[in-house]
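Commentary on secondary and tertiary structure
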Amino acid sequence: MSELSKAYEPVDVEAKWYAAWIEGKCFEADPSSDAPGYSIVIPPPNVTGILHLGHVLNNSLQDILARRARQKGKEVLWLPGTDHAGIATQTKVERELKKNEGLGRRDLGREKFLERVWDFKNEHGDIIIKQLKRLGCSCDWSRERFTMDEDYTKWVSHVFVELFKEGLIYRGKRMVNWCPVSLTALSDEEVIMTPSKSKLFFMKYELADAPGEFLEISTTRPETLLGDVAVAVNPKDPRFTKYIGRKVRRPFPAAEIPVIADDHVDIEFGTGALKITPAHDKADFEIGLKHGLEIIDVLTPDGMINCPELPEFNGLDRFVARRLAATKLEEMGLLIKIEEYDNNIGYSERAGVPIEPRISMQWFLKYPCVKEATDAVANGDIKFRPERWAKTYGHWMANLQDWCISRQLWWGHQIPVWYRKDKLDALKSAESLDMQDFSAGDIHVGVEPPADAENWQRDEDVMDTWFSSWLWPFATMANVGEDTPTLKKFYPTDDLVTGPDIIFFWVARMIMAGFRFTGELPFKNVFFTTIIRDLKGRKMSKSLGNSPDPIDLMEKYGADGLRFGLTRIAPIGSDVRFDEVQIEEGRNFANKIYNACRFRQMAEISDDWEELDLRPHHVDIMSKLDELSADLDRLYADYRFGEIAQRLYEFLWSEFCDKFLEAVKGDMRETASVEERAATLITFDGVMSRFLQLLHPYMPHITEELSEVMGYVEKGEFLMQHLLPEEGLLADADPEDVAGEKAIATAIYETAGRLRNLKAEYHVGSRRDVTFIVKGAVEWLEENADTLAILTGAKEIRIEPDYAAPKGTPVSITDVGEVYLPLEGLIDVEAEKIRLTREITKVEQELAKSESKLASPSFVDRAPAEVVAQERERLSDWKTKLGQLREMLAALA
């Protein structure tokens with residue numbers, strides 16, 4: 001046993017042990033091992049990202065699962081890696097390029113720009129990996145993957161080619177979500193519907209055949225009237241029957257447009273008449289297709305007005321044009337009114353701006369293995385926790401729409417499609433491309449370019465980032481066409497820990513890809529973490545200043561303190577309300593364990609003892625440790641991480657330190673016998689060594705440190721590699737004997753609590769010269785009296801069967817007998833009478849105030865119900881206290 005320093009220094013200890021684990025290859029998985037495999041793949045963070053509290057919680061839970069599996073004898077692969085994050089990374093590089101050199105990506109060209117992105121990735125890409133290591137994550141870093149690795153890129157292209165040849169991937173002109181900042185298409189899942197305060201503009205269009213007669217319409221986007229090609233009304237709406245088939249005048253640019261009938265129109269919305277702009281609204285687009293209407297696109301890709309016919313509008317930002325359109329309508333006498341309007345507007349998840357519905361030529365995927373993926377969750381082959389997310393998943397799977405997989409970016413996996421140069425114009429303008437064009441030889445779809453590459457031009461678009469990450473569980477373990485030992489041992493994976501916000505982006509798609517390309521489900525359990533909010537319930541964000549830097553928290557409280565504090569307040573299925581005080585409690589918990597071990601080092605075990613003198617509190621703490629171990633098995637099976645942390649906390653703080661260590665303080669004194677001391681120290685070591693094992697997945701660094709220093713593991717060994725014992729500390733003990741000893745310990749602890757309260761009532765709580773006298777004592781009290789005296793802070797517990805207590809002597813009826821507290825010589829009786837009399841007077845005054853308030857109808861009838869209830873509770877408390885004080889005064893009479 002080495003000596004512990006006076007204070008625990010987490011930063012130094014954590015750095016020491018992480019380096020030792022890496023050097024010892026403790027995290028590296030061996031596919032050839034005979035041990036059963038356990039695997040988990042990290043949700044790959046953005047390569048240019050930095051650690052936030054959501055990452056801390058997610059990766060702490062993964063590390064807990066991985067370390068616990070090792071303790072259970074599993075061969076563990078926790079596979080790490082990063083995602084290339086197409087939009088986010090390209091946006092950062094473009095921003096820097098513009099800021100530092102005044103250039104755009106097209107000024108450099110594709111090849112040079114991608115060199116810049118790779119430089120940026122190489123410079124910043126390992127920041128979050130280093131931060132995860134600082135947190136203590138036990139990933140197999142020798143297997144770290146990146147979604148733009150050469151081998152991984154081959155997987156992505158292979159999957160595209162296979163699905164294209166199956167007829168599941170096609171190119172077509174569709175209405176898509178368009179980001180005017182990132183200048184790319186977005187999937188529905190990348191659009192965040194956001195409650196917004198908008199305006200509803202009411203205006204009127206003049207009928208072409210009846211000057212002076214108008215048709216009133218309403219819209220939230222008057223700037224798009226430049227592309228209006230019709231006005232639609234519901235054929236069932238009698239207000240507009242007479243207008244169907246006639247024409248109205250679009251005010252600018254001036255044109256006559258038809259009034260059409262369509263069941264899609266909502267009679268209740270606005271005026272009931274809907275302006276139709278097929279190029280800028282999904283519903284309008286469908287109506288336009290149905291009625292063969294012209295499509296007029298009046299917006300550029302970056303959200304500017306494209307209308308040379310109206311120079312005052314042409315080139316304006318869309319929102320500026322909205323205000324100008326309203327002004328112009330008002331000048332023309334066509335604006336009726338403007339109303340406030342609450343609606344949901346789709347925002348680009350990455351750019352944070354309203355998206356534009358836009359007609360664009362894109363690549364789409366019809367999802368494979370939909371039934372298998374749906375059934376896997378519905379049948380429980382894949383278990384979701386909390387279970388309610390299975391219903392959300394099922395609803396989405398039942399309403400799938402084709403996935404827009406192309407993005408107008410340069411950073412990412414380029415679409416593996418080449419076009420014959422001599423047919424390039426025709427192919428690019430084609431309404432759709434599919435297997436027929438491939439069969440005709442007009443396009444080449446393959447992992448490798450065509451042999452005569454100079455005659456072909458590759459598609460410029462890249463694939464959606466999620467199109468690469470949906471392959472993550474298996475593409476990280478083997479190259480295309482390989483059946484590696486790693487894949488055989490560790491796939492399917494056991495657990496996935498992720499956020500419910502990407503249940504559609506990632507989880508559902510991984511399940512479908514797993515079935516399609518491996519014939520198996522990709523994982524067996526999915527645990528959805530919760531959102532971390534501040535104490536006001538707001539999401540964490542830099543702009544609000546409520547998102548602390550995890551690295552700063554680790555420097556202040558230690559990585560173990562952060563991990564433990566955060567997981568302890570993370571309930572299943574409910575958002576986390578973050579409070580730094582909880583992280584401070586994590587650090588304090590580490591200090592508590594450390595100081596308990598320093599207390600143990602105050603004494604050594606002598607070799608002279610002959611037989612262990614185990615007493616009830618020894619048996620009790622060992623039994624509770626065994627119960628804790630069994631409870632944790634059950635809680636781990638249910639993924640109840642917060643409850644596990646709380647049970648660990650309560651055991652160490654309440655049961656071990658507050659009870660057991662207090663009870664054995666006498667055994668650390670020189671007056672204690674060799675047998676007494678040996679029993680206590682051996683019990684301490686047995687319980688503490690196993691507790692450190694149970695705590696290790698949550699607080700790996702301090703548990704490793706204390707296990708080595710205390711001699712619980714040999715030098716050169718690691719606690720993290722020690723298997724959990726199969727049997728409890730008391731496995732060989734008679735259960736009835738254990739139950740009897742526990743009952744005695746419980747009685748002693750509860751009695752000690754009552755006697756401490758009795759001392760406090762008579763203001764002798766701090767006195768150590770108190771003697772308690774027990775009448776009618778249980779037979780086992782005599783041999784445990786010294787322990788009870790230590791726990792109550794008394795000089796002596798005296799057993800007197802025939803004790804005749806003077807009248808008024810304070811007494812407590814306990815499980816050990818009637819316990820009296822003789823006050824003679826402890827207090828000045830007369831002074832105490834005066835103090836109690838004064839206290840009674842104060843309480844009587846407060847009681848009278850409360851009674852008067854509750855007797856007043858104006859208070860009872862007008863005050864909020866909870867205020868009245870609170871006052872009634874106060875009255876009850878005053879009455880109770882008054883009764884206690886009067887009893888105490890009578891006892892001194």
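Turning to the overall build of the protein, a few remarks are in order. Per the secondary structure count, the protein includes 29 helices and 30 strands. A buried classification covers 53% of the 893 residues belonging to the protein. By sequence separation, contacts in the protein at least 24 residues apart represent 79% of the contacts at least 6 residues apart. Put simply, the protein shows about 40700 Å² of open surface, and 48% of that area lies on carbon and sulfur atoms. Separation of charge centres in the protein, based on 112 positive and 152 negative side chains, amounts to 6 Å.

With their axes 12 Å apart at the nearest point, helix α22 (residues 641-663) and helix α23 (residues 674-695) run at an angle of 170 degrees to one another. One element, α22, and the other, α23, form an angle in the roughly antiparallel class. Contact residues: Leu648, Phe651, Leu652, Phe656, Phe660 and Leu661 in α22; Thr680, Thr683, Phe684, Val687, Met688, Phe691, Leu694 and Leu695 in α23. Looking at side-chain class alone, the contact of α22 with α23 contains 12 nonpolar, 2 polar and no charged residues.

The strand order across the open sheet built from 3 strands is β20-β18-β21, with neighbouring strands paired in antiparallel fashion. Of all strands in the sheet, those bounded by a partner on one side alone are β20 (443-445) and β21 (456-458). The average undirected angle you get between the axes of adjacent strands in this sheet is 25 degrees. Across 3 bridges, the pairing between strand β18 (residues 417-420) and β20 is antiparallel. Bridged to tyrosine 419 within β20 is isoleucine 443.

This brings us to unusual backbone geometry. Looking along the chain, the bond that leaves arginine 385 and enters proline 386 is cis, with omega of -5 degrees. With respect to the secondary-structure elements, proline 386 resides in the loop between β15 (383-385) and α11 (388-398). In this structure, the amide linkage connecting tyrosine 491 to the following residue, proline 492, adopts the cis form with an omega of 0 degrees. Mapped onto the elements, proline 492 comes out in the loop between α16 (485-490) and β23 (493-498). Its identity is not glycine, yet alanine 85 carries a phi of approximately 50 degrees, on the positive side.

Under the criterion given, the structure shown has 41 aromatic pairs. Ring geometry for phenylalanine 113 against tryptophan 410: centres 5.9 Å apart, planes inclined by 70 degrees, an arrangement best described as edge-to-face. One end of the pair, phenylalanine 113, is in helix α5 (residues 110-124); the other, tryptophan 410, is in the loop between β17 (406-407) and β18, and 297 residues separate them in sequence. Grouping residues by exposure puts phenylalanine 113 and tryptophan 410 together as buried. With 5.2 Å between their ring centres and 80 degrees between their planes, tryptophan 118 and tryptophan 411 make a pair best called edge-to-face. Note that tryptophan 118 is positioned in helix α5 and tryptophan 411 in the loop between β17 and β18, a separation of 293 residues in sequence. You can call tryptophan 118 partly exposed: its relative accessible area is 30%. Among the residues examined, tryptophan 411 registers a relative accessible area of 1% and is labelled buried. Site record: aromatic cluster; members linked through ring pairs are Phe160, Phe164, Trp363, Tyr367, Trp396, Trp403, Phe467, Trp470 and Phe504.

One pass over the structure, following the stated rule, counts 0 disulfides. With no disulfide of its own, cysteine 404 lies 13 Å from the sulfur of cysteine 179, the closest cysteine sulfur. Look at cysteine 404 and you get buried, because its relative accessible area is 6%.

Let us look at the pairing of β23. Among the 6 residues that make up β23, 6 are buried, leaving the element largely enclosed by the rest of the structure. Where β23 and strand β24 (residues 523-528) come together, 5 bridges link them in parallel fashion. Residue leucine 496 lies in a different strand from β24, and its bridge partner there is valine 526.

So, about the sheet that holds strand β28 (residues 796-799). Judged by pairing direction, the sheet is mixed, and its 4 strands sit side by side in the order β28-β27-β30-β29 without closing on themselves. On the outer flanks of this sheet lie β28 and β29 (811-814), each paired with one strand and no other. Across the sheet, the mean angle separating the axes of adjacent strands is 25 degrees when strand polarity is ignored. In this sheet, β28 lies alongside strand β27 (residues 771-775) in parallel orientation, the contact comprising 4 bridges. In the strand pairing of β28, threonine 771 is matched with glutamate 796. Against the sheet, helix α25 (residues 735-761) touches β27, β29 and β30 (817-820), its axis set at about 165 degrees to β29.

Formed by 137 residues in total, the largest nonpolar core has its most connected members in Phe656, Met688, Phe691 and Tyr698. Tallying contributions element by element places α22 first for this core, with 12 residues.

In this fold, threonine 484 is placed in the loop between α15 (472-475) and α16. The exposure class assigned to threonine 484 is buried, which follows from its relative accessible area of 14%. Threonine 484 has contacts with Met477 and Ala478, leaving out every residue within four places of it along the chain.

Turning our attention to the environment of asparagine 588. Mapped onto the elements, asparagine 588 comes out in helix α20 (residues 580-600). Taking the relative accessible area as the measure of exposure, asparagine 588 reaches 28% and is therefore partly exposed. Residues asparagine 588 and lysine 92 lie 496 residues apart in sequence; the distance between their C-alpha atoms is 40 Å.

Let's shift gears to the pattern of salt bridges. As enumerated under the stated definition, the model contains 59 salt bridges in all. Residues aspartate 63 and arginine 67 are paired through a salt bridge, measuring 2.8 Å at the closest nitrogen-oxygen approach. Residue aspartate 63 and its partner arginine 67 are located together in helix α2 (residues 53-71), separated by 4 residues, close to a single helical turn. With relative accessibility at 0%, the residue aspartate 63 sits in the buried group. Residue glutamate 312 pairs with lysine 328 through a salt bridge whose shortest N-O separation is 3.1 Å. With glutamate 312 in the loop between α8 (282-291) and α9 (318-331) and lysine 328 in helix α9, this pair connects stretches of sequence that are 16 residues apart. Taking the relative accessible area as the measure of exposure, glutamate 312 reaches 43% and is therefore partly exposed.

The next subject is α20. Over its 21 residues, α20 extends 31 Å from the first C-alpha to the last, a length consistent with the 30 Å expected when each residue adds 1.5 Å. Buried within α20 we find Ile583, Gly586, Phe589, Ala590, Ile593, Tyr594, Ala596, Cys597, Phe599 and Arg600. Buried residues belonging to α20 abut α18 (550-557), α19 (559-568), α22, α23 and α24 (700-709).

This part takes up the pairing of β30. As judged from the 3 bridges shared by β27 and β30, these two strands associate in the antiparallel manner. By the bridge assignment for β30, valine 774 is matched with valine 819. Bridge count between β29 and β30: 4 bridges; the pairing is antiparallel. What sits directly across from threonine 814, in β30, is glycine 817. Where β29 folds back on β30, the antiparallel hairpin that results is connected by 2 residues.

What counts as what
Residues numbered from 1 in each chain as written. Predicted model: local features only at pLDDT ≥ 70, side-chain atom pairs only at ≥ 80, totals over all residues. Heavy atoms only, no water. Helix = DSSP H or I, 4+ residues; strand = E, 2+ residues; numbered from the N terminus. Buried < 20%, exposed > 50% of the residue type's maximum accessible area, 1.4 Å probe, protein only. Contact = heavy atoms within 4.5 Å. Areas by Shrake-Rupley, 256 points an atom, 1.4 Å probe, with all protein chains shown as cover. Lys, Arg positive; Asp, Glu negative; His and termini not counted. Charge placed at Lys NZ, Arg CZ, Asp CG, Glu CD. Axes fitted to C-alpha atoms, helices over the stretch in contact; angles between N-to-C directions. Parallel < 35°, antiparallel > 145°, perpendicular 65-115°, else oblique. Nonpolar A, V, L, I, M, F, W, Y, C, P; charged D, E, K, R; others polar. Pairing = 2+ DSSP bridges. Phe/Tyr/Trp six-rings, centres within 6.5 Å; stacked < 30°, edge-to-face > 60°. Disulfide = S-S within 2.5 Å. Core = buried A, V, L, I, M, F, W, Y, C linked by side-chain atoms within 4.5 Å. Salt bridge = Lys/Arg side-chain N within 4 Å of Asp/Glu carboxyl O. Expected span 1.5 Å × (residues − 1).

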